[in-house]
Amino acid sequence: MVNNSGLVGLGGRQVLAAEILGGRQVGIRIDDETLSFFDPSSRELLRVRPNPLTSEEVRRLRGLRPAGPPPRPGVEPVRVQRRVSAVGTVMVCRQVVSLGRPYAGQTVTVHVSDTTISVELDGQVRVIRRTTDVPVRQKRQASAGTDKT
């Protein structure tokens, strides 16, 4: 279970999964270099992090099972919310999207897929080509100009 800070207990240490996974039950696939956090029922991949555990620490873990097939990446776009900055932009996955000053201060819904970023504005959808491959880290934006994704 991921705590509200996005951490899980693994091998006697707190390991960062992701804050957006707070309160969720996750499966963890342990590979030499990475930890893959996934939904246990669908096996949808939720997050990949560097593996901080040594091979000795992994051997000492209790309740391990064979890994099974690797988790599959999500196929549906991720839906997030962003507040438009004073200059009319939002940042999603470290990509700046210009919407225009008339939208400053508004909260918009953004759909992020592998290749596009779609923004719902005034009942219409504006589609922008995605130029980064950075994953979504925050689903909700509290205030303008503070997005780190």
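Below you will find a few notes about this structure. (Residues numbered from 1 in each chain as written. Predicted model: local features only at pLDDT ≥ 70, side-chain atom pairs only at ≥ 80, totals over all residues. Heavy atoms only, no water.)

**Some details on the overall build of the chain**
And step 1. Counting its secondary structure elements, the chain contains one helix and 12 strands.
And step 2. Counting from the amino terminus, the chain carries its helices and strands in the arrangement β-β-β-β-β-α-β-β-β-β-β-β-β.
And step 3. Per-residue burial over the chain gives 35% buried out of 149 residues.
And step 4. For the chain, the accessible surface area stands at approximately 9300 Å², while carbon and sulfur atoms represent 49% of it. (Helix = DSSP H or I, 4+ residues; strand = E, 2+ residues; numbered from the N terminus. Buried < 20%, exposed > 50% of the residue type's maximum accessible area, 1.4 Å probe, protein only. Areas by Shrake-Rupley, 256 points an atom, 1.4 Å probe, with all protein chains shown as cover.)

**Examining the nonpolar core**
And step 1. Residues Val-90, Val-92, Leu-99, Val-108, Val-110, Val-112 and Val-119 are the most contacted members of the largest nonpolar core, which totals 16 residues.
And step 2. Of all elements in the fold, only strand 8 (89–92), strand 10 (107–112) and strand 11 (116–121) reach the threshold of two or more residues within this core.
And step 3. Setting aside anything within four residues of it in sequence, one finds Leu-99 in contact with Val-84, Gly-88, Val-90, Val-108, Val-119, Leu-121 and Arg-126.
And step 4. Formed by 14 residues, the second largest nonpolar core is a distinct cluster that contains Ala-18, Phe-37, Leu-46 and Leu-53. (Core = buried A, V, L, I, M, F, W, Y, C linked by side-chain atoms within 4.5 Å. Contact = heavy atoms within 4.5 Å.)

**Some words on the sheet that holds strand 11**
Backbone-to-backbone hydrogen bonds join strands into a sheet, with any given pair of strands oriented parallel or antiparallel.
And step 1. With respect to topology, four strands assemble into an open sheet ordered 7-10-11-12, the strand pairing being antiparallel. Sheet topology places strand 7 (78–83) and strand 12 (124–129) at the edges, where each strand pairs with a single neighbour. On average, each strand axis in the sheet is tilted by 25 degrees relative to the strand beside it, whichever way the strands run.
And step 2. The pairing of strand 11 with strand 12 spans six bridges and is classified as antiparallel. What sits directly across from Thr-116, in strand 12, is Arg-129. (Pairing = 2+ DSSP bridges. Axes fitted to C-alpha atoms, helices over the stretch in contact; angles between N-to-C directions.)

**Notes on the sheet that holds strand 5 (residues 44–50)**
And step 1. Taken in spatial order, the four strands of this open sheet run 3-4-5-6, and their pairing is mixed. Edge strands, defined here as strands with exactly one partner in the open sheet, are strand 3 (27–30) and strand 6 (72–73).
And step 2. Pairing analysis gives five bridges linking strand 4 (residues 34–38) to strand 5, with the strands arranged antiparallel. The partner of Phe-38 across the bridge, within strand 5, is Leu-45.

**A short note on unusual backbone geometry**
And step 1. Look at Arg-43: it is not a glycine, yet its phi comes out positive at around 60 degrees.
And step 2. Relative to the elements of secondary structure, Arg-43 occurs in the loop between strand 4 and strand 5.
And step 3. Phi at Cys-93 takes a positive value of approximately 55 degrees, unusual for a residue other than glycine.
And step 4. Mapping Cys-93 onto the fold places it in the loop between strand 8 and strand 9 (95–98).
And step 5. For Cys-93, a relative accessible area of 0% corresponds to the buried category.

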